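Commentary on secondary and tertiary structure
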Amino acid sequence: MIKYIISIVFFILFCVMFLSSCTKKVVENRLYFIANFNHQAIDCSSSLVVNMLSWQIDQLQFYISQVDYLTAAGTWHPWTMKTTAYQSNDVALLGASCQNNNSTQVNWQIDFQSVVKPSEVKAIRFNLGVPFTLNHLNPLTQNSPLNDSSMFWVWQTGHKFLRLEMSNKTDDWLFHLGSTGCKAASAMRAPKIPCLQPNLQRFQVNTDFSQEGKAIVFDLSRLIRNVTLSRQSGCQSEPENSVCQQLLTNIGLADEQSDRGVFYYD
């Protein structure tokens, strides 16, 4: 009798574990990102050797918007985001603000409203940046994450789509990506037509959600290739700046084949 009861208990536990593991494998409503440098995952504590100097990340944050997924049938579907502390209106803020050990401003995932089977997701496409219709609105009245003052220039130019700031013991460097050539009556007015250089890039990456531990990689080493980091070589997305031109090429803005840019799935 005791053996029979023990067998029943083990059978129930097996069923619970089996169903639990199946649930984890067949549903997905979250997309993970990670930052890499020279094929190694990095965070605020990482020491990055560039040109024989050790650099630290002070801030690495960027906006992702308008995510779509491609089904096995070859159809694209919009993947609507949940409203959370880091996302709303289908715009999410990812990355980390490392200054002053600010560990509260760290987010590397996007949460979606609908649940999708991993086997149904064959590719993901998304924008790096904020859509024009949202980019120039008053950040004081916007929901998070578009109310982050550190990610905003002025009404005329709008948000910094990507903010990267690095430093070492004797120097610092920055890259702020955003729209330029925006025509408005003043810096405190929003433009009525899209900017001359919108710098809003659409990326597409092939995915395999059936493999656990995979994520969309932001490759910092790709971004800064052929760039000498120094205070004098900082970039605020000026189109005539040769360093900015190199960075825009690296990020993928100058290449229609976006898989050569800074994002890939691994």
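Above this text is the structure in question.
So, a few notes on the structure that sits alongside this text. (Residues numbered from 1 in each chain as written. Predicted model: local features only at pLDDT ≥ 70, side-chain atom pairs only at ≥ 80, totals over all residues. Heavy atoms only, no water.)

**Details of the pattern of salt bridges**
According to the stated counting rule, one finds eight salt bridges in the structure shown. The salt bridge involving Arg 30 is made with Asp 111; its shortest N-O contact spans 2.5 Å. With Arg 30 in strand β1 (residues 28-37) and Asp 111 in strand β9 (residues 109-116), the pair connects residues that are 81 residues apart, well separated along the chain. A relative accessible area of 12% means that Asp 111 is categorised as buried. Asp 68 serves as the salt-bridge partner of Arg 202, at 2.7 Å between the closest nitrogen and oxygen. Residue Arg 202 is located in strand β13 (residues 201-206), and its partner Asp 68 is located in strand β4 (residues 53-70); the two are separated by 134 residues in the primary sequence. A residue is classified by how much of its surface remains accessible, and Arg 202, at 31% relative accessible area, is partly exposed. (Salt bridge = Lys/Arg side-chain N within 4 Å of Asp/Glu carboxyl O. Helix = DSSP H or I, 4+ residues; strand = E, 2+ residues; numbered from the N terminus. Buried < 20%, exposed > 50% of the residue type's maximum accessible area, 1.4 Å probe, protein only.)

**Notes on unusual backbone geometry**
The omega torsion across Ser 144 and Pro 145 is 15°, close enough to zero to call that bond cis. A positive phi is found at Asn 199, a non-glycine position, where the angle reads about 55°. Relative to the helices and strands, Asn 199 is located in the loop between β12 (172-178) and β13.

**Some thoughts on the nonpolar core**
In this structure, Ile 124, Leu 220 and Phe 263 are the most contacted members of the largest nonpolar core, which totals 60 residues. Of the residues forming this core, the biggest block, eight residues, is contributed by β4. The contact partners of Leu 220, leaving out residues within four places of it in the chain, are Asn 36, Phe 37, Ile 42, Leu 48, Ile 57, Leu 164 and Met 166. (Core = buried A, V, L, I, M, F, W, Y, C linked by side-chain atoms within 4.5 Å. Contact = heavy atoms within 4.5 Å.)

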